[in-house]
Amino acid sequence: MMQSSLIHMGQRLKQILKQKKIKIIDFAKMAGFTNQIAHYHLRNSDMKRVNLERFCEIIGITPDEFIRWNGTMQLANGKSIHHGNRLQHLIAEKGLNKSKLAERLNMSRRTMYNVFEKETFSPDELDRVARGLDITTEAFLNPGTAQETRQTDSEEMMMLREKYYKILEEHTQLLKSYTAMKDDVLKMKKELATLRKGKMKKG
C-alpha cells in the first residue's frame, strides 16, 4: 500500500479531479469501472501503487506530482501546510547548509530552529524565508507549483546535458579506438600480403 502519513489518497484524487475539471463519472469511464467503484477509491485513504500509477496516467500526471499535488495544500485533516516543516523539507531538497541559511535569513541558528517549530509564519518571516531560499512566497506556500518545478526542471536538464556530453565523449573515444584498430588491421593485412608474396617467390 502507498500511504503518506499526510495524505488521504482518495481525498487527494478527488481534489486533483476537481482542479483538472474531470467529472467523477468521466474518470470512472476512463478507468473502465462503475461510478460506485470510483467513489469507493475516493473514500479510501490508502491506495495500491499499481492503482495510483494507473489513475495518474488517466489524469495525465506523474505519481510524484500526485504526492506533492497542491491546490491549497490541504492535508487530510483539513489543516493547511505547516510552514516550519515545509521550510525543513525545502532545505533538505535543496541540500542547503543550515548555518549558511541562518546567515542568509539574518537570524541565529537557535532562532531558525524555533522557526522550524512554527505552524504559520508571519508575512515578514515568510518573505525572509522565501528570499533566503531563492524562491517566491507562492512557491513556498504551494509545493509542486510551476515556480518550484521550473527549478527542478532546469536541474534535470543540466543533469541530462552532463549525461549527454559524457556519452558524446565516450562515443568520440570509441570512434578513435575504432579508427586506430582499423588502421592496425589494414597494416596487418598489408604485412600478411607481403609475407605471402615473399613465400610465393621462395616457393
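Taking an unreviewed UniProt entry as the reference, the protein is identified by name as Helix-turn-helix transcriptional regulator belonging to Chitinophaga fulva.

So, on to the overall build of the protein. Within the protein, the secondary structure is distributed over eleven helices and zero strands. Counting from the amino terminus, the protein carries its helices and strands in the arrangement α-α-α-α-α-α-α-α-α-α-α. With 203 residues in all, the protein has 28% of them scored as buried. Carbon and sulfur atoms provide 55% of the accessible area of the protein, an area that totals close to 14500 Å².

What follows concerns the environment of Ile81. Tracing the backbone shows Ile81 in the loop between α5 (63-68) and α6 (83-94). In this structure Ile81 comes out as buried when scored by relative accessible area, which is 8%. Residues Ile81 and Asn142, spaced 61 residues apart in sequence, show a C-alpha to C-alpha distance of 8.7 Å.

Relative orientation of the contacting elements helix α2 (residues 24-31) and helix α4 (residues 49-59) amounts to 115°, with a least axis distance of 10 Å. With respect to α4, the axis of α2 lies roughly perpendicular. As α2 packs across α4, the resulting crossing turns out to be right-handed. For the pair α2 and α4, contact is made by Phe27, Met30 and Ala31 and by Arg54, Phe55, Ile58 and Ile59, respectively. Residue classes in the contact of α2 with α4 are distributed as six nonpolar, no polar and one charged.

What counts and what doesn't
- Residues numbered from 1 in each chain as written.
- Predicted model: local features only at pLDDT ≥ 70, side-chain atom pairs only at ≥ 80, totals over all residues.
- Heavy atoms only, no water.
- Helix = DSSP H or I, 4+ residues; strand = E, 2+ residues; numbered from the N terminus.
- Buried < 20%, exposed > 50% of the residue type's maximum accessible area, 1.4 Å probe, protein only.
- Areas by Shrake-Rupley, 256 points an atom, 1.4 Å probe, with all protein chains shown as cover.
- Axes fitted to C-alpha atoms, helices over the stretch in contact; angles between N-to-C directions.
- Parallel < 35°, antiparallel > 145°, perpendicular 65-115°, else oblique.
- Left-handed = near helix turned anticlockwise from the far one by under 90°.
- Contact = heavy atoms within 4.5 Å.
- Nonpolar A, V, L, I, M, F, W, Y, C, P; charged D, E, K, R; others polar.

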